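Chains, contacts and geometry: an overview
This is what each chain is made of:
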Amino acid sequence: MLLVSVFFSWYTVSVHAGPLSISKSGSGWDTTDVAKLVALLALVALAVWAVELFADSVNLPWPAWMVSGACGALAILLVLYRIVSKPGELGGSLPTGVSVGAAWGIYLSLIAAIAVVVGPICA
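None of these values were measured; they are calculated from a predicted model. (Residues numbered from 1 in each chain as written. Predicted model: local features only at pLDDT ≥ 70, side-chain atom pairs only at ≥ 80, totals over all residues. Heavy atoms only, no water.)

Observations concerning the overall build of the protein
Condition: Numbering of helices and strands starts at the N terminus; helices are DSSP runs of H or I of at least 4 residues and strands are runs of E of at least 2. A radius of gyration in this sense is built from C-alpha atoms; the matching globule rule multiplies 2.2 Å by the number of residues raised to 0.38. Note on classification: 1.4 Å probe, protein chains only; a residue is buried when its accessible area is under 20% of the maximum for its type, exposed when over 50%, partly exposed between these limits. For the accessible areas, the method is Shrake-Rupley and the probe is 1.4 Å, while residue cover comes only from the protein chains on display. None of His or the chain ends enter the tally, which takes Lys and Arg as positive and Asp and Glu as negative. Charged side chains are reduced to one point each, which is NZ for Lys, CZ for Arg, CG for Asp and CD for Glu.
Secondary structure assignment for the protein yields five helices and three strands. Along its sequence from the N terminus, the protein presents helices and strands in the succession α-β-β-α-α-α-β-α. Whereas a compact globule of 123 residues would reach a radius of gyration of roughly 14 Å, the protein reaches 18 Å, over 25% beyond that. By principal-axis analysis of the C-alpha atoms, the protein measures approximately 65 × 25 × 20 Å. Classification of the 123 residues of the protein by burial places 33% in the buried group. In the structure as shown, the protein presents an accessible area of about 7300 Å², 72% of it carried by carbon and sulfur atoms. For the protein, the distance from the average position of its 4 positive side-chain charges to the average position of its 5 negative side-chain charges is 15 Å.

Okay, structure coming up:
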């Protein structure tokens, strides 16, 4: 789910000019490079589990739960960073009437990253 969640809506930009209001949402993949890193971490976690389950002759240097847990923990930190620091806010203030808000997809990514960490521990 973590891999798929980077393609969902992470941010919503709203422009208010008098009585008119326009909103546009963007996926994590399209709006920030952090989402690409989160997707890469999800792929690494999946690959490690696939190697452990299906490649009996391959010995990994660390257990799969440890590697996927580290990937999930790093993904949690990256997603939390992008929740707190939204695009457009780094260079200063946004123009008057423009606001950037977190959308539902970034919270889904956070929940999925937490599941990557907690899942192997509870199993």
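Quick notes on the packing of helix α4 (residues 64-84) against helix α5 (residues 104-122)
Selection rule: Between N-to-C directions, angles cover 0 to 180 degrees, with each direction set by a line fitted to C-alpha atoms, over the stretch in contact for helices. If an angle is under 35 degrees, it is roughly parallel; if it is over 145, roughly antiparallel; if it lies from 65 to 115, roughly perpendicular; otherwise it is oblique. Note: crossing handedness is left-handed where the near helix turns anticlockwise from the far helix by less than a right angle, and right-handed where it turns clockwise. When checking whether two residues touch, look at their non-hydrogen atoms; a contact exists if any pair is within 4.5 Å. Under the grouping applied here, Gly and all other residues not named as nonpolar or charged are polar, the nonpolar ones being Ala, Val, Leu, Ile, Met, Phe, Trp, Tyr, Cys and Pro and the charged ones Asp, Glu, Lys and Arg.
Between α4 and α5, whose axes approach to 8 Å, the crossing angle comes to 155 degrees. Classified by the interaxial angle, the pair formed by α4 and α5 is roughly antiparallel. You can see that α4 and α5 cross each other, and the crossing is left-handed. Of the residues in α5, those touching α4 at Trp65, Ser68, Gly69, Gly72, Ala73, Ala75, Ile76, Val79, Leu80, Arg82 and Ile83 are Ile106, Tyr107, Ser109, Leu110, Ala113, Ile114, Val116, Val117 and Pro120. Class assignment for the residues of the contact of α4 with α5 results in 15 nonpolar, four polar and one charged.

What to know about the side chain of Ser27
Counted only if it meets this: Think of a polar contact as two N or O atoms within 3.5 Å of one another; within protein, one of them needs to be a possible hydrogen donor and the other a possible acceptor, and neighboring residues in sequence only count if both atoms come from side chains.
Looking at the secondary structure, you find Ser27 in strand β2 (residues 20-27). At 3.2 Å, the side chain of Ser27 forms a polar contact with the side chain of Asp30. Filtering out sequence-adjacent residues up to four positions away, Ser27 remains in contact with Val6, Phe7, Phe8, Ser9 and Trp10.

A closer look at the nonpolar core
Just so we agree on the cut-off: Working definition of a nonpolar core: buried Ala, Val, Leu, Ile, Met, Phe, Trp, Tyr and Cys residues. They are joined through side-chain atoms within 4.5 Å.
With 22 residues, the main nonpolar core has Leu2, Val6, Trp10, Val38, Ala75, Val79 and Ile106 as its most contacted residues. Listing elements by their share of this core, those giving two or more residues are β1 (9-17), α3 (33-54), α4 and α5. Looking at this core, the element that brings in the most residues is α3, giving seven residues. The contact partners of Leu2, leaving out residues within four places of it in the chain, are Val38, Ala42, Ala75, Ser109, Ala112, Ala113 and Val116.

Let's talk about the packing of aromatic side chains
Basically, it comes down to this: Pairing of aromatic side chains here covers Phe, Tyr and the six-membered ring of Trp, requires ring centres within 6.5 Å, and sorts the geometry by plane angle: under 30 degrees stacked, over 60 edge-to-face, intermediate tilted. Geometrically, a charge over a ring is one whose NZ (Lys) or CZ (Arg) sits within 6 Å of the ring centre while staying within 35 degrees of the ring normal.
Summed over the entire model, instances satisfying the criterion amount to three aromatic pairs. Ring geometry for Trp10 and Tyr11: centres 6.5 Å apart, planes at 75 degrees, overall edge-to-face. Given the relative accessible area of 0%, Trp10 is considered buried. Since its relative accessible area comes to 2%, Tyr11 is described here as buried. Above the face of the Trp29 ring, Lys36 is positioned so that its terminal group lies 4.9 Å from the ring centre.

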